[in-house]
Amino acid sequence: MDDYFAVFGLPRKLTVDGEALRRRFYELSRVHHPDFHQAADEEAQAATLARSALVNRAYRALRDPIARVEYLIALEEGRDTREGAEARPKAPRDLLEEMLEVQEALEEARAGDLDEAAREGLQAQRERLAGRKQAEEDALMGRAAEWDAAVDAGGDRRPLLTWFKERLAARAYLRTVIGDLSDALGEDQDQHVSHRRH
Amino acid sequence: MSRIVGIDLGTTNSLVAYVDEHGVPRVIPDAEGRGLLPSIVAYTRAGVLVGEAARRQLARQPGRTIYSVKRLMGRGYEDVRGELSQLPFPVVPAAEIVRIRIDDREITPPEVSAQILRALKQTAEAALGEKIEQAVVTVPAYFNDSQRQATKDAGRIAGLDVLRIVNEPTAASLAYGLQRRAEGLIAVYDLGGGTFDISILRVKDGVFEVLATNGNTHLGGDDFDQALVSWLLEDIRTAHGADLAGDPEARQELRLAAEAAKCRLSFEERTHLAIPFADFVYRRDLTRADVEARIAPFVEATLGPCRQALKDAGLSREQVDEVVLVGGSTRVPLVRRRVEELFGKTPHSQLNPDEVVALGAAVQAHILAGGITDMLLLDVTPLSLGIETLGGIVSILIARNTTIPTMAKEQFTTSVDGQTVVDLHVLQGERELARDNRSLARFELRGIEPMSAGMPKIEVTFLIDANGILQVHAKELRTGKEASIEVRPTYGLTEAEVERMVDESFEHAEADVAARLLIEARTEADNVINHVERALTQGSQLAEPGELERIRDAVATLRRARGGDDRELIHERTTAVNKATERLAEAMMDAALKGALASKRADRILESS
């Protein structure tokens, strides 16, 4: 699979200077964008189109800190990934129990009309879960430096990778449930398109 | 490289522009000095008319005069079913894409648009004195793949190689960028005749990076006019007891009057309507508040997409440095007010909102030609692209607001032993279920070698190019062979159909401008003859002695001239008929006005009794 870090001449590290990345993205775009290759023959145009698409995908995967971790895992595991709607995430084990309550509330809401108290209940749950999701993201970012140091030291990074995966799974699940709560509240949170900026 | 022009193919008006030898983008005027070409095509019995000449046929030949065809581009019959009653021209039922019936022909929207593009091409060729074969054409940012492809097809049919499809709001930002070189976060609010877009851009170091876009390809000034027409029809029913809803000619008169009144009320607080119909003259005062009450729901409908675009860009409204207004409908004061409230800052439109998109298209054309090397536009795809999976669920391959060009790869295999064909259904949209999204095309991967189920590995590449148009390639990974793909566009023309239309358009193309002018003259003559004949049956009792004979003579002379090829002579004779009928026409108008006043007085007498 394509190494997006390599596209930008970066090591596989999670700490990235966003402003420098953007500047590099603009530079690479000036080199590869089809606008500047109109006079080339068909084959060369197809090649520039592919390179330009690669630069754009690489920037999209790296500019966002969470997307960056997701991409890193896929890259390290050597599996092809694609963004967007994956199969519906399952509840991670450590979240199962506390989610039971939310799921029950959701089912009730779906079954009948929402009275004011039920609404407030769902809204409170959603707020709490948003906090949980934020905490997962903070935790992920908190250990990014650890990963970067391990890359420099050349140590075994697999345990950390596994930990990242678990936290990402928890976050994905939380996001789905937050979306479900918004649906039940009749608010379109438009959450099924991922990779929005944070 | 030969010259590339920039074209704004608008719902209401279209323009062509180029960048002159000093690097300044300019709109190219036609022979009469007009920069705006009304996007109207009349398929008269004498031939095809485009622009101002076609506009004059709107109320005369409503069934043959096509306006706002952009709203039909890349759309299916089912899409437009709801508004068929408002369209004066007949749309053929049950076809996949919209087809308009004129006599025994069925005409598709790309063919109609091609007529407009061809007229612009001729204008540019006449003004620049060279052959024009390449163009950049703008489309609404929120246009989907089918609508973009239909626009490209229109170019081909018109004999233009469309080198790039550019989004209208981003084209506008290029025009502003060239002029002012300002940097920062910019929101472009583009409300035209038929479509609405909002795009949010970061402009820095000469790069115009679109962060998010949103919109509605079926929302614009046309809807304002339509709402006014419905309201006026009701008012006419009350005031005159006449139901004009089923009369296409009257509806068009009313639409034109409503549109003109709407435009006046952008600069004045009140205006007066006086529309002569066959049996009465409809008069009423109209205030800006009257219009605003009717159009407010449409203006409101633009605000949701603005909020979504901000959210997708990850920005709050305070972070936006500048709000730019594009499109004729942003002249409406209510629109300006609501945009200002939403963004919390005063929007501006320093460049002419009618011209700025065409100027931007010319700038992009100049970039492609190598004339500008320090500006680069990075646009996004407005809608998520996905494929249908088991259970009718959409699996997203490329999320909306992804910078283009972009690419996604997906592996497919077979589910039955010996299977040699795999079907793919590609869709665009944001909904979870396939049936709620826009079907783009069905792809058939063929020639897979028979193997047991699950053995073949076919890698399909979905590439969205810089035009926002999808390209699909497939490869069998075990053999490395390119798999052949058959594409069936859901709402589009097949390659063979486009080819045929290109050929036909060469056959039917008017040889030159002279032929077009002759058609215009003949059509004008037909109109005058029809008009006079109708007038003679209604108003002959008002004629003076000898007057009817003089008129009949003039008409007969005109008829003879119309049969010939001499355009000047037809013009002359048409003018002569107009002159001969001048007095009688005035007398008839007076009588109609007196009649209208009399009936008003009668109303009052009835009321007071």
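## Examining the overall build of chain A
- Secondary structure assignment for chain A yields eight helices and zero strands.
- Along chain A, from the amino end to the carboxyl end, the secondary structure elements read α-α-α-α-α-α-α-α.
- Burial analysis of chain A (198 residues in total) assigns 23% to the buried set.
- Of all intrachain contacts in chain A linking residues separated by at least 6 positions in sequence, the fraction that spans at least 24 positions is 70%.

## Description of the overall build of chain B
- In terms of regular secondary structure, chain B is built from 15 helices and 29 strands.
- By the compact-globule yardstick of 25 Å for 609 residues, chain B fits well, its C-alpha radius of gyration being 27 Å.
- Taking all 609 residues of chain B together, 47% fall into the buried category.
- Intrachain contacts of chain B at a sequence separation of at least 6 include 68% that bridge at least 24 residues.

## Regarding unusual backbone geometry
Residue and element names in this part refer to chain B.
- Each neighbour pair has its own omega, and for Ile404 with Pro405 the value is 0°, a cis peptide bond.
- Mapped onto the secondary structure, Pro405 falls in the loop between β22 (402-403) and β23 (406-412).
- The backbone of Ser68 sits at a positive phi, close to 50°, despite the residue not being glycine.
- As for its position among the elements, Ser68 is in the loop between β7 (65-67) and α2 (77-80).
- Positive phi, close to 50°, is recorded for Asp103, a residue that is not glycine.

## Topic: the packing of helix α5 (residues 93-111) of chain A against helix α8 (residues 158-184) of chain A
All names here are of chain A.
- Where α5 contacts α8, the two axes come as close as 10 Å, and the packing angle between them is 20°. Judged by the angle between their axes, α5 and α8 are roughly parallel. Pair α5 / α8 crosses with left-handed handedness. Between α5, through Leu95, Met99, Val102, Leu106, Ala109 and Arg110, and α8, the contact on the second element is made entirely by Ala170, Tyr173, Val177, Asp180, Leu181 and Ala184.
- For the contact of α5 with α8, a count of residues per class yields ten nonpolar, no polar and two charged.

## Some thoughts on the packing of helix α2 (residues 18-32) of chain A against helix α3 (residues 42-63) of chain A
Residue and element names in this part refer to chain A.
- Two elements in contact, α2 and α3, have axes separated by 10 Å at closest approach and are oriented at 170°. Accordingly, the angle class assigned to the pair α2 and α3 is roughly antiparallel. For the pair α2 and α3, the contacting residues are Gly18, Leu21, Phe25, Leu28, Ser29 and His32 in the first and Thr48, Arg51, Ser52, Val55, Tyr59, Leu62 and Arg63 in the second.
- Split into classes, the residues belonging to the contact of α2 with α3 amount to six nonpolar, five polar and two charged.

## Here's the deal with helix α10 (residues 333-343) of chain B
All names here are of chain B.
- All of the buried residues along α10 are Val335, Arg336 and Val339. Taken around the axis of α10, the buried residues stretch over an arc of 100°, which confines them to a single face.
- In this structure, the buried residues of α10 make contact with β12 (184-191), α8 (288-300) and β17 (322-326).
- One or two steps after α10, the chain reaches Gly344, where phi turns positive at roughly 70°.

## Re the nonpolar core
All names here are of chain B.
- Counting residues in each nonpolar core, the largest one holds 157 residues, and the members touching the most others are Val5, Ile7 and Ala361.
- No other element matches helix α11 (residues 356-368), which puts ten residues into this core.
- For Val5, the residues in contact, after removing those within four places along its chain, are Val16, Ala17, Tyr18, Ala124, Ile132, Ala135, Ala362 and Ala365.

## Observations regarding the environment of Asp152(A)
Residues and elements named next belong to chain A.
- Here Asp152 is to be found in helix α7 (residues 144-153).
- On the basis of neighbour counts, which here come to 9 C-beta atoms within 10 Å, the residue Asp152 falls in the exposed class.
- Along the backbone, Asp152 and Leu174 are 22 residues apart, and their C-alpha atoms lie at a distance of 33 Å.

## Quick word on the confidence of the model for chain B
Residues and elements named next belong to chain B.
- Of the residues in chain B, 96% reach a pLDDT of 70 or more, and the chain-wide mean stands at 89.
- Put simply, strand β29 (residues 484-489) is where chain B has its lowest mean pLDDT, 73, and strand β10 (residues 134-139) is where it has its highest, 98.
- Taken as a whole, residues 604-609 scores under 50 in pLDDT and shows zero contacts with residues more than four places along the chain or in a different chain.

## Focus: the sheet that holds strand β6 (residues 48-50) of chain B
All names here are of chain B.
- Strand order across the open sheet formed by three strands is β6-β5-β7, with antiparallel pairing between neighbours. The open sheet has two edge strands with one neighbour each: β6 and β7. Averaged over all pairs of adjacent strands, the angle between their axes in this sheet comes to 15°, without regard to strand direction.
- One ladder, built from three bridges, connects strand β5 (residues 40-43) with β7; its direction is antiparallel. Looking at β7, one finds that Ile40 is bridged to Tyr67.
- Contacts between helix α3 (residues 109-128) and the sheet are confined to β5, β6 and β7, with β6 contributing the most and set at about 65° to the helix.

## A word on the sheet that holds strand β28 (residues 481-482) of chain B
- Judged by pairing direction, the sheet is antiparallel, and its four strands sit side by side in the order β23-β26-β27-β28 (chain B) without closing on themselves. In this open sheet, the two strands that pair with only one neighbour each are β23 and β28 of chain B.
- Across the sheet, α3(A) is in contact with β23 and β26 (458-464) of chain B; its angle to β23(B) comes to roughly 90°.

## Notes on the environment of Asp35(A)
Residue and element names in this part refer to chain A.
- Its location among the elements puts Asp35 in the loop between α2 and α3.
- Residue Asp35 is classed as buried on the basis of its 23 C-beta neighbours within 10 Å.
- In this structure the C-alpha to C-alpha distance between Asp35 and Phe25, which are ten residues apart in sequence, comes to 16 Å.

## A look at α8(B)
Residues and elements named next belong to chain B.
- Between its first and last C-alpha, α8 extends 17 Å over 13 residues, near the 18 Å set by a 1.5 Å rise per residue.
- Its maximal kink placed at Arg294, α8 deviates by approximately 45°, while the proline Pro297 follows within four residues.
- Buried residues of α8: Val291, Arg294, Ile295, Phe298 and Val299, and no others.

## Here we look at the pairing of strand β1 (residues 4-9) of chain B
Residues and elements named next belong to chain B.
- Most of β1 is tucked away: six of the six residues are buried.
- Every second residue of β1 is oriented toward a common face, with Ile4, Gly6 and Asp8 on one face and Val5, Ile7 and Leu9 on the other, all of them buried.
- Of the pairings in the sheet, the one linking β1 to β10 comprises five bridges and is parallel in character. Bridge pairing in β10 places Val5 opposite Ala135.
- As paired elements, β1 and strand β2 (residues 13-19) share four bridges and run antiparallel to each other. Looking across to β2, one finds that Leu9 is bridged to Ser14.
- The hairpin turn running from β1 into β2, its antiparallel successor, is three residues long.

## What to know about the domain arrangement of chain A
Residues and elements named next belong to chain A.
- Here chain A is described as being made up of domain 1 (4-63) and domain 2 (93-184).
- Computed over C-alpha atoms only, the centres of domain 1 and domain 2 are separated by 33 Å.
- Opposite the five residues of domain 1 that make contact, domain 2 presents five residues.

## Thoughts on the environment of His37(A)
- By the element assignment, His37(A) lies in the loop between α2 and α3.
- Look past the residues within four positions of His37(A) in its chain and what remains in contact with it is Ala44(A), Gln45(A) and Thr48(A).

## Looking at the confidence of the model for chain A
Residues and elements named next belong to chain A.
- A residue-level look at chain A finds 88% of positions with pLDDT of 70 or above and a mean pLDDT of 83.
- A low-confidence stretch, residues 83-87 (pLDDT under 50), is modelled with ten contacts involving residues beyond four sequence positions or located in other chains.
- With pLDDT under 50 throughout, residues 189-198 is counted as low confidence; its partners more than four residues away or in other chains account for 29 contacts.

Conventions and cut-offs
- Residues numbered from 1 in each chain as written.
- Chains lettered and ligands numbered in written order.
- Predicted model: local features only at pLDDT ≥ 70, side-chain atom pairs only at ≥ 80, totals over all residues.
- Helix = DSSP H or I, 4+ residues; strand = E, 2+ residues; numbered from the N terminus.
- Buried ≥ 20, exposed ≤ 12 C-beta atoms within 10 Å, placed from the backbone.
- Contact = placed C-beta atoms within 7 Å.
- Rg over C-alpha atoms; globule rule 2.2 N^0.38 Å.
- Axes fitted to C-alpha atoms, helices over the stretch in contact; angles between N-to-C directions.
- Parallel < 35°, antiparallel > 145°, perpendicular 65-115°, else oblique.
- Left-handed = near helix turned anticlockwise from the far one by under 90°.
- Nonpolar A, V, L, I, M, F, W, Y, C, P; charged D, E, K, R; others polar.
- Arc of directions from axis to C-beta.
- Core = buried A, V, L, I, M, F, W, Y, C linked by C-beta atoms within 7 Å.
- pLDDT = per-residue confidence, 0-100.
- Pairing = 2+ DSSP bridges.
- Expected span 1.5 Å × (residues − 1).
- Bend = angle between axes of the 7 residues up to and from the residue.
- Domains from an automatic or database assignment.

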